[in-house]
Amino acid sequence: ETVRRLDLGVCSYNNYQALDRTLTAINATCQTDWRCFVIDNASEEPEVSHVINKHCGSQSRFIPMWNAVNKGYAGAVNVLLEHAETDRIAYFDNDCQPIMAGWDEQLAQLLDTYHEIGLVAPTSYVHYRIARPHYDEVLWVVGCAWMIARQAAQDICGFLTPRVEYFDSTLGHHEEVDAQTRLRLKGWKIACH
C-alpha cells in the first residue's frame, strides 16, 4: 500500500508554548509521509524562533519559513499554498493540537474516496451539519484546522499569474468563510470527520 504524501502548515505568531505543543502533537500523530511548513509571521517573542529551530533541528520534516512582516492568518495560508506540492494540504493554527494518531490518514482518506469533497475538517470546528450517506457535509468550518484537496484549492485561486489569493487578505476576519463560499460556488462539498 502506498503511503499518502501530505504537506501541512502551521501559522506561528507569538504564543511559543502553544506552538511547541502543536508541533510536538503533529510529530506524534501524523502517519502520512508528511512535511510541515512552520510559517512565522514576524513574531515578537524571541522564544518562538527557539521553538521553531528546536523542532526543525530534531525533525527534518519541519521546514521553517520566516515572514518579514505579519501577514496574518490569510497571508500564512497563502504562503502555505504557494509552497505545498502534494495532492492534499493541511493547516493548523499555532494553538491547535491534533490528538488522535492517524488524523491525517483519516482526513486524506475521505478526500480520496469522495472526490466531490474539496475540504474536510475535524468535527469540533464545523457549522450546520447535513447528514449525507457516507459523511457529514457542512456549510463551513472554522479556520484553525482543515485539509483541502489541491484541485479544490486550484479551482478557487487558479495558481495563475496574476494569482488570485486562496484567502483574501484584505478581509481582515472570517477569510475562511469567504474561501469556503467560493469553494462551494465551484461545486465542491465541505465535510467533517
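Given the structure is predicted, the values throughout are model-derived calculations rather than measurements. (Residues numbered from 1 in each chain as written. Predicted model: local features only at pLDDT ≥ 70, side-chain atom pairs only at ≥ 80, totals over all residues. Heavy atoms only, no water.)

A separate point is unusual backbone geometry. With a phi angle near 50°, Asn 14 is a residue other than glycine that sits in the positive phi range. The topology assignment puts Asn 14 in the loop between β1 (5–12) and α1 (16–29). Since its relative accessible area comes to 13%, Asn 14 is described here as buried. Even without being a glycine, Ala 42 presents a positive backbone phi close to 55°. Structurally, the position occupied by Ala 42 is in the loop between β2 (33–41) and α2 (46–58). (Helix = DSSP H or I, 4+ residues; strand = E, 2+ residues; numbered from the N terminus. Buried < 20%, exposed > 50% of the residue type's maximum accessible area, 1.4 Å probe, protein only.)

The next thing to look at is the environment of Ile 26. Locating Ile 26 in the fold gives a position in helix α1. Overall, the relative accessible area of 0% leaves Ile 26 in the buried class. Along the primary structure Ile 26 and Asp 168 are separated by 142 residues, whereas in three dimensions their C-alpha atoms are 27 Å apart. If near-sequence neighbours (up to four positions away) are discounted, Ile 26 is found in contact with Leu 8, Val 10, Trp 34, Cys 36, Phe 62, Phe 92 and Pro 98. (Contact = heavy atoms within 4.5 Å.)

Glancing now at the environment of Thr 123. Within the element layout of this structure, Thr 123 appears in the loop between β5 (117–121) and β6 (126–131). Distance in space between the C-alpha atoms of Thr 123 and His 193 is 5.4 Å, their sequence separation being 70 residues. If we skip the residues at most four places from it in the chain, Thr 123 touches Arg 129, Cys 192 and His 193.

Here Ser 12 is to be found in strand β1. Sequence-distant contacts of Ser 12, defined by excluding residues within four places in its chain, comprise Leu 19, Val 38, Ile 39, Asp 40, Asn 41, Ser 43, Val 48, Ile 52 and Asn 94.

Attention now goes to the packing of aromatic side chains. Counting across every chain of the model gives five aromatic pairs. Relative to Phe 62, the ring of Trp 34 lies with its centre 5.3 Å away and its plane at 65°, an arrangement referred to as edge-to-face. Taken as a pair, Trp 34 in strand β2 and Phe 62 in strand β3 (residues 62–67) lie far apart in primary sequence, 28 residues in all. A relative accessible area of 5% means that Trp 34 is categorised as buried. A relative accessible area of 3% means that Phe 62 is categorised as buried. With 5.3 Å between their ring centres and 55° between their planes, Tyr 73 and Tyr 91 make a pair best called tilted. In this pair, Tyr 73 is assigned in helix α3 (residues 72–83) and Tyr 91 in strand β4 (residues 88–93), connecting sequence segments 18 residues apart. (Phe/Tyr/Trp six-rings, centres within 6.5 Å; stacked < 30°, edge-to-face > 60°.)

A separate point is the pairing of β1. β1 sits mainly inside the fold: seven of its eight residues count as buried. Sheet analysis places β1 next to β2, joined by eight bridges and oriented parallel. By the bridge assignment for β2, Ser 12 is matched with Asp 40. Viewed along the sheet, the connection from β1 through α1 into β2 turns out right-handed. Relative to β4, β1 is paired through five bridges, and the arrangement is parallel. Looking at the pairing, Leu 8 lines up with Ala 90 of β4. (Pairing = 2+ DSSP bridges. Right-handed = clockwise from strand over helix to strand, strands pointing away.)

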